[in-house]
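This is what each chain is made of:
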Amino acid sequence: MRLDGKVAVVTGASRGIGRAIAIRLAEEGARVVIDHPGEEEAAQEVVEAIQDRGGTAIAVAADVADPEAVKRLFQETVARFETVDILVNNAGICPFVSWFDVTVEIWDRIHHVNLRGAFLCSQAASRIMVDHHHGGRIISLSSISALVGGSFQTAYTPTKAGVKSLMQSLAIVLGPYGITCNSILPGTILTDINRDHYRDQAILERDTVRVPLGRLGKPEDIAGVAAFLASDDAAYINGAEILVDGGLFVNLQ
Ligand code: NAD
Ligand code: RM4
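These numbers come from a predicted model, not from an experiment.

1. Examining the overall build of the chain
Reasoning step 1: The secondary structure content of the chain amounts to seven helices and seven strands.
Reasoning step 2: Moving toward the C terminus, one meets the helices and strands of the chain in the order β-α-β-α-β-α-β-α-β-α-β-α-α-β.
Reasoning step 3: What you see for the chain is a C-alpha radius of gyration of 17 Å, in line with the 18 Å of a compact globule of 253 residues.
Reasoning step 4: Long-range contacts, defined as pairs at least 24 residues apart, comprise 73% of the intrachain contacts of the chain with a sequence gap of at least 6.
Reasoning step 5: Element-wise, carbon and sulfur atoms account for 52% of the exposed surface of the chain, whose accessible area totals about 11,900 Å².
Reasoning step 6: One finds the centroid of the 22 positive side-chain charges in the chain at a distance of 3 Å from the centroid of its 31 negative side-chain charges.

2. Notes on the pairing of strand S5 (residues 136–141)
Walk down a regular strand and you will see the side chains alternate between the two sheet faces.
Reasoning step 1: Across the six residues of S5, six count as buried, placing the element largely inside the fold.
Reasoning step 2: Here strand S4 (residues 86–89) pairs with S5 via four bridges, running parallel. Bridge pairing links asparagine 89 to serine 140 in S5.
Reasoning step 3: In this fold, the crossover linking S4 to S5 by way of helix H4 (residues 104–131) has right-handed handedness.
Reasoning step 4: As judged from the six bridges shared by S5 and strand S6 (residues 179–186), these two strands associate in the parallel manner.

3. Describing helix H6 (residues 201–209)
Reasoning step 1: Residues of H6 that are buried: Leu204, Asp207 and Thr208. All buried residues of H6 lie within an arc of 100 degrees about the axis, which places them on one face of the element. In H6, the exposed positions angled more than 90 degrees off the buried face are occupied by Ala202, Glu205 and Val209.
Reasoning step 2: The distance from a side-chain oxygen at the start of H6 to the backbone nitrogen of alanine 202 is 3.0 Å, and the residue carrying that oxygen is aspartate 200.

4. A short note on the site of ligand 2
Reasoning step 1: Near ligand 2, the surroundings consist of Cys94, Phe96, Ser143, Ser145, Gln153, Tyr156, Gly187, Thr188, Ile193 and Asn194.
Reasoning step 2: Interatomic distance of 2.7 Å between a side-chain N/O atom of threonine 188 and an oxygen atom of ligand 2.
Reasoning step 3: Within the complex, the protein chains bury 89% of what would otherwise be the 290 Å² of accessible surface of ligand 2.
Reasoning step 4: Across the shell around ligand 2, the residue classes break down as four nonpolar, six polar and no charged.

Parameters at a glance
- Starting afresh in each chain, residues are numbered from 1 along the sequence in its written order.
- All chains are assigned letters beginning with A, and all ligands numbers beginning with 1, in the order in which they are written.
- In keeping with the model being predicted, local features are shown solely for residues with a pLDDT of at least 70 and side-chain atom pairs are shown and tallied solely at 80 or more, while totals for entire chains, interfaces and linings include all residues.
- For side-chain calculations, the full set of non-hydrogen atoms in the structure is used, while hydrogens and water are omitted.
- Secondary structure counts use DSSP, requiring at least four H or I residues in a row for a helix and at least two E residues in a row for a strand, with both numbered from the N terminus.
- The globule rule used for comparison is 2.2 Å times the number of residues to the exponent 0.38, while the radius of gyration itself is calculated over C-alpha atoms.
- Should any heavy atoms of two residues lie within 4.5 Å, those residues are considered in contact.
- A 1.4 Å probe and the Shrake-Rupley method give the accessible areas. Residues count as covered only by the protein chains that appear here.
- Positive charges are assigned to Lys and Arg, negative charges to Asp and Glu, while His and the chain termini are left out of the count.
- A charge is said to be at NZ when it belongs to Lys, at CZ for Arg, at CG for Asp and at CD for Glu.
- Buried residues are those whose accessible area, probed at 1.4 Å on protein chains only, stays under 20% of the maximum for their type, while exposed residues exceed 50% and partly exposed ones sit between those limits.
- In this scheme, strands are said to pair when DSSP sees at least two bridges between them.
- Crossovers are described as right-handed under a simple rule: with the strands pointing away from the observer, the path leading from the first strand over the helix to the second runs clockwise.
- This arc is taken over the directions from the axis of the helix to the C-beta atoms.
- Within 3.5 Å is the distance limit for a polar contact, defined as a pair of N or O atoms, with the added protein rule that one can donate a hydrogen and the other accept it, and that residues adjacent in sequence qualify only through two side-chain atoms.
- When we say a residue is near a molecule or strand, we mean one of its heavy atoms is within 4 Å of it.
- In the scheme used here, Gly and all other residues not listed as nonpolar or charged are polar, with Ala, Val, Leu, Ile, Met, Phe, Trp, Tyr, Cys and Pro taken as nonpolar and Asp, Glu, Lys and Arg as charged.

Right, here's the structure in full:
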């Protein structure tokens, strides 16, 4: 119960890594806001999974790319739980598209959800944290893709580098208020975001053997790291990035 009494907002928490993080933060005692982009049923399932474990959660529909929706997300959070102590910028999209097929619309949408979303949510959450004088935690899902390229991810990898960079700058701006800002860089975690891509068994096999631990990641592999960064154990970690990839990145030779 390292997060007893804390209030956490997890964006894109209806599925995948966000869902696992929301459940884990709730298991540690946080009251959790499950943000989702209109996936009422899936979000409600996460709320119930948390309640079944004795926790407290609400679901709020808000597209993180939409400034008005984000404003509402944090208004509803404060109306229900009075404040916000922990923000997890998790919402993200990654349509796999070949380079010459990347349109302006695809490029903009990926940037709006992944990067503008992190900007809008971080600004709204930190305003509350500063006003309420209690410090806080901002944790963002960057990616191994902030460090390496991806041939079908040309519109995506710059957003993940951008999110990491945003956390570095915010660590400086918000550190004086006791708010830490860090990134998690997952390797490959099997979720809906890449399920179609990995229907190709040859690609799945290739990417699995590249990981020294011999398996792709699970959402729970990331959730524990988010809980750690949200806890007092991580009080002096600020502006950092934690690569959680089973050793994929160092396996170059
Ligand atoms: P996922 O597709 O399973 O889940 C994404 C979640 O974000 C869903 O709940 C979806 O509803 C939500 N979402 C999408 N657009 C949104 C919007 N506009 N507003 C609010 N919510 C929105 O994917 P995932 O693998 O769980 O990815 C979560 C995060 O982790 C993403 O930021 C992704 O870039 C990052 N990441 C994933 C991997 C991986 O291999 N799965 C690796 C590195 C980083
Ligand atoms: C990640 C990374 C993973 C990929 C997901 C969609 O950032 O590139 O390998 O599966 O994006």
